[in-house]
Amino acid sequence: MNAASVRMVTRSRSLGSGSRQRAVGEEAAPLQRGEAAAERRKSHSCVRRQQKAQRLNVAYEASDGEKGENTEPLRAPGWEPQDWRQQLANIRTMRSGKDAPVDQLGAEHCYDPSAPPKNKVKYIKQTSAILQQRYDGDIPASVAELVALPGVGPKMAHLAMAVAWGTVSGIAVDTHVHRIANRLRWTKKTTKSPEETRTALEEWLPRELWREINGLLVGFGQQTCLPVRPRCQACLNRALCPAAQGL
Ligand code: SF4
């Protein structure tokens, strides 16, 4: 049913089914006391029906024409953390120097002689062989194929999709992002793993922020919101952070 038909129905109802129409030229007879009261009740009832009809019409009214094409469906506001916009703005300010370890790392630092060598070396060798054999020396372009490579988890897969393919497939969540999201109550309930945190963040965080959030929070976790003894006194979020007390 379109808005026009709704209005037609409600208008015809608002005329009142019990009203008798007078013939042209017919004089209105003076109302007796009981009749006058009944007429007033009818009149009030009619006004209430008209008001109700007007309210109903609003729900069907389209902003750009009767068909309502190109209008966005109304969406109920979902859950989002309190103060998250201000907290994010504060983290951006604290990270404006771009001087955290994460800001200095690039592909040229892949070979890290101080890194625990055991599994990383093994995974790099295995993955290199697979990439040569199956992907012509390139890397796969889907999260499913990336996580199938030895030693590649969801965090690295989403990072690779963003950096290598320019596709934002999900939020890359490591231990820093996981810890800070829970301290700031950016998850609806406490999460137990980075994957759980990723799902919880993706439920409310606007998609245009998914790519930025990893580097921002990793550096923040390296410099200020440390795993042990975070530097709350130096943190711009200390007044807004539920975890600042008692740390
Ligand atoms: S106040 Fe402390 S716990 Fe909260 S975000 Fe800042 S550094 Fe982290």
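See the structure above.
Residues numbered from 1 in each chain as written. Predicted model: local features only at pLDDT ≥ 70, side-chain atom pairs only at ≥ 80, totals over all residues. Heavy atoms only, no water.

*Asks:* Tell me about the overall build of the protein chain, residues and numbers included.
*Replies:* Check the secondary structure of the protein chain and you find ten helices and zero strands. Starting at the N terminus and walking to the C terminus, you meet the elements of the protein chain as α-α-α-α-α-α-α-α-α-α. Expressed as a percentage of the 247 residues in the protein chain, the buried residues total 30%. At a minimum sequence separation of 6, the contacts of the protein chain that also span at least 24 residues come to 63%. Summed over its atoms, the accessible surface of the protein chain is roughly 17,500 Å², and 53% of this surface lies on carbon and sulfur atoms. (Helix = DSSP H or I, 4+ residues; strand = E, 2+ residues; numbered from the N terminus. Buried < 20%, exposed > 50% of the residue type's maximum accessible area, 1.4 Å probe, protein only. Contact = heavy atoms within 4.5 Å. Areas by Shrake-Rupley, 256 points an atom, 1.4 Å probe, with all protein chains shown as cover.)

*Asks:* Kindly report on the packing of aromatic side chains, identifying the contributing residues and their values.
*Replies:* All told, the structure shown has three aromatic pairs when counted by the stated rule. Here tryptophan 79 and tryptophan 204 contribute two aromatic rings whose centre-to-centre distance is 6.4 Å and whose plane-to-plane angle is 85 degrees, an arrangement assigned as edge-to-face. Placement of the pair is tryptophan 79 in the loop between helix H2 (33-60) and helix H3 (84-94) and tryptophan 204 in the loop between helix H9 (194-202) and helix H10 (210-223), with a sequence separation of 125 residues. Relative accessible area serves as the criterion here: at 10%, tryptophan 204 is assigned to the buried category. On the basis of an interplanar angle of 65 degrees and a centroid distance of 5.0 Å, the ring pair of tryptophan 84 and tryptophan 204 is categorised as edge-to-face. With tryptophan 84 in helix H3 and tryptophan 204 in the loop between H9 and H10, this residue pair connects regions lying 120 residues apart in the sequence. Clustering of aromatic rings is evident, with ring pairs tying together Trp79, Trp84, Trp186 and Trp204. (Phe/Tyr/Trp six-rings, centres within 6.5 Å; stacked < 30°, edge-to-face > 60°.)

*Asks:* Please give an account of the packing of helix H8 (residues 175-183) against H10 that cites residues and values.
*Replies:* For the pair H8 and H10, interaxial distance at closest approach is 8 Å and the crossing angle is 80 degrees. As far as their axial angle goes, H10 and H8 are roughly perpendicular. Contacts from His176, Val177, Arg179 and Ile180 in H8 reach Asn214, Leu217, Val218, Phe220, Gly221 and Gln222 in H10. The residue inventory of the contact of H8 with H10, partitioned by class, reads five nonpolar, four polar and one charged. (Axes fitted to C-alpha atoms, helices over the stretch in contact; angles between N-to-C directions. Parallel < 35°, antiparallel > 145°, perpendicular 65-115°, else oblique. Nonpolar A, V, L, I, M, F, W, Y, C, P; charged D, E, K, R; others polar.)

*Asks:* Summarise the nonpolar core; cite the residues concerned and give the values.
*Replies:* Membership of the largest hydrophobic core comes to 25 residues, with the highest contact counts inside it found for Trp186, Leu201 and Leu205. Those elements giving two or more residues to this core turn out to be H3, H8 and H10. Top element by residues in this core is H10. It accounts for six residues. Here tryptophan 186 is in contact with Trp79, Pro81, Trp84, Gln87, Leu88, Ile91, Ala181, Leu201, Trp204, Ile213 and Leu217, once residues within four sequence places are set aside. The next biggest cluster of nonpolar side chains, apart from the first, holds eight residues, and it includes Ile130, Leu146, Ala160 and Met161. (Core = buried A, V, L, I, M, F, W, Y, C linked by side-chain atoms within 4.5 Å.)

*Asks:* Before we move on, could you go through the pattern of salt bridges and cite the residues and values that matter?
*Replies:* Tallying each qualifying case throughout the model produces four salt bridges. Residues glutamate 202 and arginine 198 are paired through a salt bridge, measuring 3.1 Å at the closest nitrogen-oxygen approach. Of this pair, glutamate 202 and arginine 198 are both found in helix H9, four residues apart, which corresponds to roughly one turn of the helix. Members of the salt-bridge network, linked through shared partners, are Glu195, Arg198 and Glu202. (Salt bridge = Lys/Arg side-chain N within 4 Å of Asp/Glu carboxyl O.)

*Asks:* Report on unusual backbone geometry, specifying residues and quantitative values.
*Replies:* In this structure, aspartate 83 takes a positive phi of about 65 degrees despite not being glycine. Within the secondary structure layout, aspartate 83 lies in the loop between H2 and H3. Its relative accessible area of 35% is what places aspartate 83 among the partly exposed residues. Not every positive phi belongs to a glycine, and arginine 185 is a case in point at roughly 60 degrees. Mapped onto the fold, arginine 185 is located in the loop between H8 and H9. The class of arginine 185 is partly exposed, set by a relative accessible area of 45%.

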